[in-house]
Amino acid sequence: MVPKFIVDEFTKALQAIGINDTSKLRFEEPKNQDFGDYATSVALILSKELRKNPREIANSIVEKLNFDNKLVEKVTIDGPGFINLKFTSYFYGQELERIYQLGDDFGKSNLGKGLRANVEYVSANPTGLLHLGHGRNACIGDSIANLYSWLGYEVTREFYFNNAGKQMTNLARSIYARYRQLLGEADFPFPEDGYFGDYIKDIAQELIEKYGNSLIPETPENLEICKKFGEEWCFDKIRKTLAKLKIFHDTFYNEDSLYRNKKIDEVIAIFCEKNLVYEKDGALWLALTKLGLNEERVIVKSTGEPTYRLPDIAYHREKFLRGYDLIIDIFGADHIATVPDVLAGIRALGFDDQKVKVVIHQFVTLMENGVQVKMSKRSGRSYTLDELIEEVGPDVVRFFFLMRSVSSHLEFDLNLAREHSEKNPVFYLQYAYARICSIFDTAKERNIKFDENSPTDCLNLPQEINLIKLQRMFPKIIETAALKFEPQILSDYLYDIATAFHTFYHDCRIIGSPEPILSARFKLARVTQRILKNGLTILGVDAPERM
RNA sequence: GCGCCACUAGCUCAGUUGGAUAGAGCAUCAGCCUUCUAAGCUGAGGGUCACAGGUUCGAGUCCUGUGUGGCGCGCCA
């Protein structure tokens, strides 16, 4: 974040040369360190409207700048007209002190103060076990929820529980068929579009243990028992799997409650009132073309059952009625097509669909020994999330699912994930944290104390300054990762800060250094420790004190 | 046929609302442990940013078209 005094001084300088619109004043951190700590291309941008050589403009701006030379070491004009600033080590020392004093509040902001956000994620049907796609969804959603908490939002973590409709009927029929088969009728027909996974047999077996053969009559009541039993079984498994990843939702919103509480009917009534529905071929259609879309869609089938769109719209309406300022949905790429329909429905109901942010993540492919592990839902032979957690541990699962940008396909390398070495980025980060903890442990053992009031402006080595520079970025990283819905920005950053610390650790000793270097480096280590701990926590990864 | 996503080093991926010499990890090669954890550090090689146009002081980034791959396009969710 650009220090305020820099922006203020540039604003004054621009006004002094007659530029009152300072919206073009932008700063960036040059990739090349030779160009200093901050650069602005404002002179290049202004050159067009002023019809003057950018270097000339830069010169006239720089002439008006008046910085405290205790803070700013030099101001230069380079290349086509960039103005580059370099700070003094005194400035960085002050920054370290400021950050250190903030403690665990460093990185938090009040952007979302007084606002409420709802993050909906996982939302798997209770018809089976979680697979890897759900895993990615869960990790992205949970980290985004954490990020928004850091922005000051009051966050609700929500799971939409799709326990109504055809899929549930299908589950009931699948369980029932396995039940009959297990009771001796080996050729009892299995539904063609049923759930083929082995877990259905486990459910049926438990059903036998509980009910014996009393469910054999193929009645609606018995199928309902199969359905409820299956739903609860799957729900229980899903929650246990998520718990292994330390993911806990605040609210499980049941789809069937939308029916029980007449929310579906209310929405239909509103649509009717607004003249947005009509009957055709025995079904009820939503006039989406009146709402700016290309195609009309059925919302109530000729059988009388709603399609998924209607409860989805009703559910989002409920979220608005519950008073959220920000509604975030985490969906897999296969749900992309439904988004415009739901948003259009929400608009039609009179809500501001700008408050809804839909995060679409791409798919996961599992790689082992350089070849793709096939995941077939149909055969039921898919790799479950549970199995993956069992195999590589929750920390690796969470980090791996977050280290690619949401919109990119994610290749999950099992071999790398299994590796407990420096090749595995999770351990690289955790190791940096454990090393810092170890320094403080050693200091305690040797009774080495550091002075809280000792000045920090004695640090001037590149390894030290580089670390402080990265530390300063933490709040901006949190904010950007949140606003762009990209936890990967944070995981990349943490990797960078771990690298900067490892380099510092290798080249600079803390214990054994003379004061005031000793105390200043202790503070440097403490700040790094907090950033790693808090950053990893946002990502849902443990920060072990020893490895 | 239409929509969304992707295409950057051998592989997996970053690339800050258009900026200066396009980066990291893995892999390959060469070095560094009497020291607070070597699960670490340092260095080297490796590029037609899929392709072709366009916009401008400047394009991996924005626009148009083409190609390749993934996911969708149902009275399934």
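Note that the coordinates shown come from a computational prediction; the quantities given were computed from them, not determined experimentally.

Our next topic: the sheet that holds strand β12 (residues 356-361). Strand order in the open sheet formed by five strands is β7-β6-β5-β11-β12, with parallel pairing between adjacent strands. Two strands bound the open sheet, and with one partner strand each, they are β7 (251-254) and β12. When strand polarity is set aside, the average angle formed by the axes of neighbouring strands in this sheet is 25°. Sheet analysis places strand β6 (residues 154-161) next to β7, joined by four bridges and oriented parallel. Opposite Phe159, over in β7, you have Phe252 as the bridge partner. The sheet strands contacting helix α5 (residues 132-150) are β5 (116-120), β6, β11 (326-332) and β12, and the helix crosses β11 at an angle near 160°.

Turning our eyes to something else, we now look at the environment of Thr88. Here Thr88 lies in the loop between β4 (82-87) and α4 (89-102). As a C-alpha pair, Thr88 and Val339 span 251 residues in sequence and 51 Å in three-dimensional space. Apart from the residues within four sequence positions on either side, Thr88 is in contact with Asn69, Lys70, Leu71, Val72 and Glu73.

Taken together, the neighbourhood of RNA strand B is formed by 60 residues, with Arg26, Tyr308, Glu422, Tyr431 and Ser438 sitting nearest. Backbone atoms, meaning sugar and phosphate, form 62% of the atoms of RNA strand B found within 4 Å of the protein. At 2.5 Å from a sugar or linking oxygen of RNA strand B is found a main-chain nitrogen or oxygen belonging to Ser407. Take His506: an N or O atom from its side chain is 3.0 Å from a sugar or linking oxygen of RNA strand B. Elements with a minimum of two residues in the surface near RNA strand B: α2 (42-50), β4, α16 (425-445) and α18 (487-507). At eight residues, the largest contribution of residues to the surface near RNA strand B is made by α16.

Turning next to the environment of Ile313. Relative to the helices and strands, Ile313 is located in helix α11 (residues 309-321). Judged by relative accessible area, which is 1%, Ile313 ranks as buried. Expressed as a C-alpha distance, the spacing of Ile313 and Val267, which sit 46 residues apart in the sequence, is 8.1 Å. The contact partners of Ile313, leaving out residues within four places of it in the chain, are Val267, Phe271, Leu286, Asp341, Val342, Gly345, Ile346 and Leu349.

When the pLDDT values of chain A are averaged, the result is 93; 99% of them are 70 or greater. When mean pLDDT is taken per element in chain A, β5 scores highest with 98 and strand β14 (residues 371-373) scores lowest with 85. Model confidence for the complex: the whole-complex pTM is 0.95, and ipTM, which rates the interface, is 0.95.

By secondary structure assignment, the location of Asp142 is in helix α5. For Asp142, the side chain forms a polar contact with the side chain of Tyr121, separated by 2.6 Å. Among residues more than four places away in sequence, those in contact with Asp142 are Tyr121, Arg157, Lys246, Ile247 and Arg398.

Take the packing of aromatic side chains next. All told, the structure shown has 32 aromatic pairs when counted by the stated rule. Taking 4.9 Å as the distance between ring centres and 20° as the angle between the ring planes, the aromatic pair formed by Phe450 and Phe522 counts as stacked. Of this pair, Phe450 sits in the loop between α16 and α17 (462-483) while Phe522 sits in helix α19 (residues 517-539), placing them 72 residues apart in sequence. Overall, Phe450 belongs to the partly exposed group, its relative accessible area being 21%. Look at Phe522 and you get buried, because its relative accessible area is 1%. Here the aromatic cluster, defined as three or more aromatic residues joined through ring pairs, consists of Phe5, Phe10, Phe27, Tyr38, Phe67, Phe87, Phe91 and Tyr92. If you follow Lys108 out to its NZ or CZ, it ends over the ring of Trp150, 4.9 Å from the centre. Its end group placed over the ring of Tyr100, Arg530 keeps NZ or CZ at 5.0 Å from the ring centre.

Turning our eyes to something else, we now look at the nonpolar core. If you look at the biggest cluster of nonpolar residues, it comprises 124 residues, and the most contacted ones within it are Phe10, Tyr148, Leu388, Phe401 and Leu490. Lining this core are residues from two domains, each supplying at least three of them: domain 1 (4-87) and domain 3 (423-538). Those residues in contact with Phe401 that sit more than four places away from it in its chain are Leu132, Gly135, Arg136, Cys139, Val364, Leu385, Leu388, Leu410 and Phe412. By size, the runner-up hydrophobic cluster in this structure holds 23 residues, among which are Tyr253, Leu284, Val342 and Ala348.

In this section: the state of the cysteines. One way to say it: the disulfide is the covalent bond shared by the sulfur atoms of two cysteines. Within the structure shown, the criterion is met by zero disulfides. Unpaired in this structure, Cys234 has its nearest cysteine sulfur neighbour in Cys226, at a distance of 12 Å. Cys437 carries a free sulfur, and the closest cysteine sulfur to it, the one in Cys508, is 19 Å from it.

This next bit is on the packing of α5 against helix α14 (residues 394-402). Running from N to C, α5 and α14 point in directions that differ by 80°, and their axes come no closer than 9 Å. With respect to α14, the element α5 is oriented roughly perpendicular. Taken together, the residues of α14 that come into contact with α5 (itself represented by Leu132, Gly135, Arg136, Cys139, Ile140, Asp142 and Ser143) are Val397, Arg398, Phe401 and Leu402. Looking at the contact of α5 with α14, its residues break down into six nonpolar, two polar and three charged.

Calculation notes
Numbering of residues starts from 1 in each chain and follows the order in which that chain's sequence is written. Each chain takes a letter, starting from A, and each ligand takes a number, starting from 1, following the order in which they are written. Restriction of local features to residues with pLDDT of at least 70 applies here, the model being predicted, together with a cutoff of 80 or more for giving and counting side-chain atom pairs; totals for whole chains, interfaces and linings are based on all residues. Side-chain numbers here rest on the full set of heavy atoms in the structure, without hydrogens or water. In short, DSSP must find at least two bridges between two strands for them to pair. Starting at the N terminus, helices and strands are each numbered in turn, a helix being any DSSP run of H or I of at least four residues and a strand any DSSP run of E of at least two. Where helices are involved, their axes are fitted lines through C-alpha atoms of the stretch in contact, as for all axes, and angles between N-to-C directions lie from 0 to 180°. Contacts between residues were defined by any pair of non-hydrogen atoms, one from each residue, lying within 4.5 Å. Put simply, a residue is near a molecule or strand once any heavy atom of it comes within 4 Å of that molecule or strand. Identification of polar contacts relies on pairs of N or O atoms within 3.5 Å, with a donor-acceptor requirement for protein atoms, meaning one able to donate a hydrogen and the other able to accept it, and with residues adjacent in sequence counted only if both atoms are side-chain atoms. Residue exposure (1.4 Å probe, protein chains only): buried if accessible area is under 20% of the type maximum, exposed if over 50%, otherwise partly exposed. The predictor attaches a confidence to each residue, called pLDDT, with possible values from 0 through 100. Between the rings of Phe, Tyr and Trp (Trp by its six-membered ring), a pair exists once the centres lie within 6.5 Å; its type follows the angle of the planes, with under 30 degrees stacked, over 60 edge-to-face, and the other angles tilted. Two limits define a charge over a ring: the Lys NZ or Arg CZ must be within 6 Å of the ring centre, and within 35 degrees of the ring normal. Within this scheme, the nonpolar core is defined by two criteria: the residues are buried Ala, Val, Leu, Ile, Met, Phe, Trp, Tyr or Cys, and they are joined through side-chain atoms within 4.5 Å. An automatic or database domain assignment is the source of the domain bounds shown. Pairs of cysteine sulfur atoms within 2.5 Å are what we label disulfides. Roughly parallel here means an angle under 35 degrees, roughly antiparallel means over 145, roughly perpendicular means 65 to 115, and every remaining angle is called oblique. Under the grouping applied here, Gly and all other residues not named as nonpolar or charged are polar, the nonpolar ones being Ala, Val, Leu, Ile, Met, Phe, Trp, Tyr, Cys and Pro and the charged ones Asp, Glu, Lys and Arg.

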